[in-house]
Amino acid sequence: LNKDIMLGTALIDMYCNCGDLSNARKVFNTCHHRDMVLWAALVSGYAQHGMYKEARQTIDKMQSEGLQMNDVCFLELISACSHEGYVDEGYSLFSSMSRLYEIRPRLEHYTCMIDLLGHVGMLDEAGNVKRIIRDDAISWISLLTACKRNGNIELGRVCFDQVVKIEPENAIAYALMSAMYNDAGMEINAAALEEISSKLPRDT
């Protein structure tokens with residue numbers, strides 16, 4: 001039984017990674033014994049490809065069969081909302097975690113909310129979410145990415161400074177900030193960051 005579930009999960013992951021959600025669903029439907037990991041694999045596949053409706057329907061079906069949502073399910077659904085720009089739905093899911101399911105949001109959930117809000121240009125709200133959680137490079141990078149997308153250099157610089165304070169050699173932060181400067185026609189500022197970035201250690 002465990003081997004069947006493991007094989008089914010592996011096949012679903014493979015098809016989802018290839019973008020073949022149709023075959024992923026077919027594999028899922030052939031699995032008569034479904035645990036939380038198997039359900040989560042299919043939900044994750046839909047979420048990765050921004051298919052919120054399908055992810056939500058899968059969760060609803062899962063609950064109808066007696067399994068309850070966990071923190072991973074919420075993370076995948078909020079991620080799908082971010083892809084689609086479903087702000088209200090994302091907020092509803094996030095608030096229901098602790099209110100209805102007594103699940104404490106993790107850093108990943110907060111970061112996903114920052115991505116969602118930044119995706120639709122709600123940078124003030126994204127900044128408010130960031131202030132709730134501890135300083136870490138990942139969530140600052142998420143907010144910096146949103147600033148890059150929306151051309152907010154002032155807030156972007158704040159995010160950049162915070163990232164390099166935590167991780168001085170974070171190449172992603174330098175790339176995002178220099179790209180933002182270039183987009184704004186601030187080539188001198190971009191060049192200065194690119195020069196610093198060129199001297200950072202590279203992964204081998």
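Being a predicted model, the structure only gives us computed values, none of them experimental. Per-chain numbering applies: the sequence of each chain, read as written, is numbered from 1 onward. For this predicted model, a pLDDT threshold of at least 70 governs which residues receive local features, and a threshold of 80 or more governs which side-chain atom pairs are given and counted, while totals over whole chains, interfaces and linings are taken from all residues. As a convention, hydrogens and water are excluded, and side-chain values are obtained from all of the structure's heavy atoms.

1. Some details on the overall build of the protein chain
Each helix is a run of DSSP H or I of at least 4 residues and each strand a run of E of at least 2, with the numbering of both proceeding from the N terminus. Scanning the protein chain from N- to C-terminus turns up 12 helices and 0 strands. Ordered by position from N to C terminus, the α and β elements of the protein chain give α-α-α-α-α-α-α-α-α-α-α-α. With the C-alpha coordinates aligned to their principal axes, the bounding extent of the protein chain is approximately 60 × 40 × 25 Å. For every residue, the accessible area obtained with a 1.4 Å probe (protein chains only) is divided by the maximum for its type, and the residue is called buried under 20%, exposed over 50%, and partly exposed between those limits. Counting only residues that meet the buried cut, the protein chain has 44% of its 204 residues in that class. A contact between two residues is defined here by any heavy atoms of the two lying within 4.5 Å. Look at the contacts in the protein chain between residues 6 or more apart in sequence, and 55% of them connect residues 24 or more apart. Residues counted as positive are Lys and Arg, residues counted as negative are Asp and Glu, and His and the chain ends are not counted. In plain terms, the charge of a residue is placed at NZ if it is Lys, CZ if Arg, CG if Asp and CD if Glu. Mean positive and mean negative side-chain charge positions of the protein chain (19 and 28 charges, respectively) differ by 3 Å.

2. Topic: the pattern of salt bridges
Whenever a carboxyl oxygen of Asp or Glu lies within 4 Å of a side-chain nitrogen of Lys or Arg, that contact is scored as a salt bridge. For the coordinates displayed, the defined rule picks out 9 salt bridges. As a salt-bridge pair, Lys148 and Asp183 come within 3.0 Å of each other at their nearest N and O atoms. Separated by 35 residues along the polypeptide, Lys148 in helix α9 (residues 137–150) and Asp183 in helix α11 (residues 171–183) bring together distant segments of the chain. Classification of Lys148 by relative accessible area gives partly exposed; the value is 26%.

3. Observations regarding the side chain of His109
Looking at where His109 falls in the secondary structure, it is placed in helix α7 (residues 107–119). Residue His109 is classed as buried on the basis of its relative accessible area, which comes to 0%. What qualifies as a polar contact is a pair of N or O atoms within 3.5 Å, subject to a donor-acceptor requirement within protein and to the restriction that residues adjacent in sequence count only when both atoms come from side chains. Of the polar contacts made by the side chain of His109, one reaches the backbone oxygen of Asp71; its length is 2.8 Å. Aside from chain neighbours lying at most four places away, what touches His109 is Asp71, Phe74, Leu75, Phe94 and Met97.

4. Examining unusual backbone geometry
Unlike most non-glycine residues, Glu102 shows phi in positive territory, near 55°. By the secondary structure assignment, Glu102 is in the loop between α6 (87–100) and α7.

5. Considerations on the environment of Ile138
Within the secondary structure, Ile138 sits in helix α9. On the accessibility criterion, Ile138 (58% relative accessible area) is exposed. Considering only alpha carbons, one finds Ile138 and Phe160, 22 residues apart in sequence, at a separation of 11 Å.

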